[in-house]
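Tertiary structure, described
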Amino acid sequence: MRIAIIGYGKMGNIIRTIAHERLHDVVTIDPMGKADFKEINEESLKDVDVAIDFTTPTVALENARASAMQGKNIVMGTTGWYDDLEEMKEAVKDIGFIWSGNFSIGVNMFFKIVEEASKVVNNVEDYDASVFETHHNMKKDSPSGTAKMIADKVIENIERKDTIVTDKFDRAPEKNELHVASMRCGKIPGTHTVTFDSQADTIELTHRARGRKGFALGAILAAEFINGKKGFFDINDLMKDIIGGK
Ligand SMILES: NC(=O)c1ccc[n+]([C@@H]2O[C@H](COP(=O)([O-])OP(=O)(O)OC[C@H]3O[C@@H](n4cnc5c(N)ncnc54)[C@H](OP(=O)(O)O)[C@@H]3O)[C@@H](O)[C@H]2O)c1
C-alpha cells in the first residue's frame, strides 16, 4: 500500500517508521521542514491508497477536503476538529474515512475492559470508583482527553456515579461524584488508572503507555482497514475487526 502522511511532526515521523516496518510505501506532506511535498494535490497524492492526517485542528477539515477531491481514503488522527463533524461527513461522503482521538489499540482495549469492569462494580454497592492519570511535565492540559473518556465509561456503567469532578476537593466527595485526578512529572508518556475500592479490598486497572508508538501502529492498522472501503468509520469499527464483539 502507498500511504501519504499529512503532517510530518512528532506523530508523522513515528508513523513513517512503522509504515516502513510494515512494508508500505510512504510519501510525506507538510508545508514546513523535510517532507517530500508541501501541498495536498494531484501530484503529492499520485498512486496513494490512503492519506493519514496528524496535523492541527484548524486544517483538518480543509486537508480532508483536499484528499477527498483526489478520491483518496483518509485516516484522521488530528484531534480537536469535532465541532466540524457534519461538514467533515459531507466533505468525505464519496470516500472511505476513519477517525479517532486515540488510535492506540491498547487504550481502546482498556476502554472496553473499564466498561466491563464498571458493569460488574455497578452490581456491588460497596465499591467506590476513581480515575487517576499521570503524564510528563510538558503536557499543557489536564485531565487528559483519555482520562475524560475513561471517566465517561465509568459514569455510563455505574448508575450511582453521575458527576465527574476534576477540581481539588475542599469537602468530602458526594457518593455520586467520580473523582478524576492528574499528576505531572518528568517524562512519563501517560498512565491511566481506574480504582475500585471497598471496605475489604482495592481493585486497580492500569494502562501504561511506553510512548507514541501505540498511536502510530493504530493509525497504520486503520489505514490498512480503510484501504478500498467507502463510508464513515471510527475506531470502534476497527476494534470490532481486531477483537470482535459489539
Ligand atoms: N488520534 C491519536 O491517536 C493521536 C495521538 C497523538 C496525537 N494526536 C494528534 O495529532 C496531531 C499532531 O500531533 P503531533 O504531536 O504530531 O504534532 P506536531 O509534532 O506539531 O505535528 C503536526 C505537524 O503538522 C504540520 N502541519 C500543520 N499544518 C499542516 C497542513 N496544512 N498540511 C500538512 N501539515 C501541516 C505541522 O507543521 P508546522 O509545525 O509547520 O505547523 C507539524 O509538522 C494533534 O492534533 C494531536 O492532538 C492524535
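Quick caveat: nothing in here was measured; it's all calculated off a predicted structure.

1. Focus on the sheet that holds strand E1 (residues 2-6)
Judged by pairing direction, the sheet is parallel, and its six strands sit side by side in the order E2-E1-E3-E4-E5-E11 without closing on themselves. Strands at the two margins of the open sheet, each flanked by one partner only, are strand E2 (25-29) and strand E11 (231-234). Across this sheet, the average inter-strand angle for adjacent strands is 20°, counted without regard to direction. Looking at chain direction, strand E3 (residues 50-53) and strand E4 (residues 73-76) are connected through four bridges and run parallel. Looking at E4, one finds that Asp53 is bridged to Met76. Relative to the sheet, helix H6 (residues 213-226) contacts E1, E3, E4, strand E5 (96-99) and E11, its axis offset from that of E4 by approximately 155°. Running over the sheet, helix H7 (residues 235-243) touches E5 and E11 and is turned about 75° from E11.

2. Looking at the site of the ligand
As a structural note, the neighbourhood of the ligand is formed by 25 residues, with Gly7, Gly9, Met11, Met32 and Phe103 the closest of them. The dominant element in the shell around the ligand, judged by the number of residues it contributes, is helix H1 (residues 10-21), at three residues. Its residues assigned to classes, the shell around the ligand comprises 10 nonpolar, 13 polar and two charged.

3. Some details on the environment of Gln199
Here Gln199 lies in the loop between strand E9 (191-197) and strand E10 (202-208). For Gln199 and Asp128, which are 71 residues apart along the polypeptide, the C-alpha to C-alpha distance reads 9.6 Å.

4. Thoughts on the pairing of E1
Burial analysis of E1 places four of its five residues in the buried class, which makes it a mostly covered element. Sheet topology places E1 next to E2; five bridges connect them, and they run parallel. If you follow Ile6 over to E2, its bridge partner there is Ile29. Where the polypeptide runs from E1 across H1 and back to E2, its parallel neighbour, the crossover connection is right-handed. Two elements, E1 and E3, share four bridges in a ladder whose sense is parallel.

5. A few points about the domain arrangement of the chain
Domain parsing of the chain yields domain 1 (2-103 + 212-243) and domain 2 (105-208). Placing a centre on the C-alpha atoms of domain 1 and another on those of domain 2 gives a separation of 30 Å. With 11 residues of domain 1 in contact, the opposing surface of domain 2 contributes seven residues. Counting only elements with at least two residues in the side of domain 1 that touches domain 2, the list comes to H6 and H7. Grouping the amino acids of the side of domain 1 that touches domain 2 by side-chain chemistry returns six nonpolar, five polar and no charged.

Reading the values: rules and limits
- Residues numbered from 1 in each chain as written.
- Predicted model: local features only at pLDDT ≥ 70, side-chain atom pairs only at ≥ 80, totals over all residues.
- Pairing = 2+ DSSP bridges.
- Helix = DSSP H or I, 4+ residues; strand = E, 2+ residues; numbered from the N terminus.
- Axes fitted to C-alpha atoms, helices over the stretch in contact; angles between N-to-C directions.
- Contact = placed C-beta atoms within 7 Å.
- Near = placed C-beta within 6 Å.
- Nonpolar A, V, L, I, M, F, W, Y, C, P; charged D, E, K, R; others polar.
- Buried ≥ 20, exposed ≤ 12 C-beta atoms within 10 Å, placed from the backbone.
- Right-handed = clockwise from strand over helix to strand, strands pointing away.
- Domains from an automatic or database assignment.

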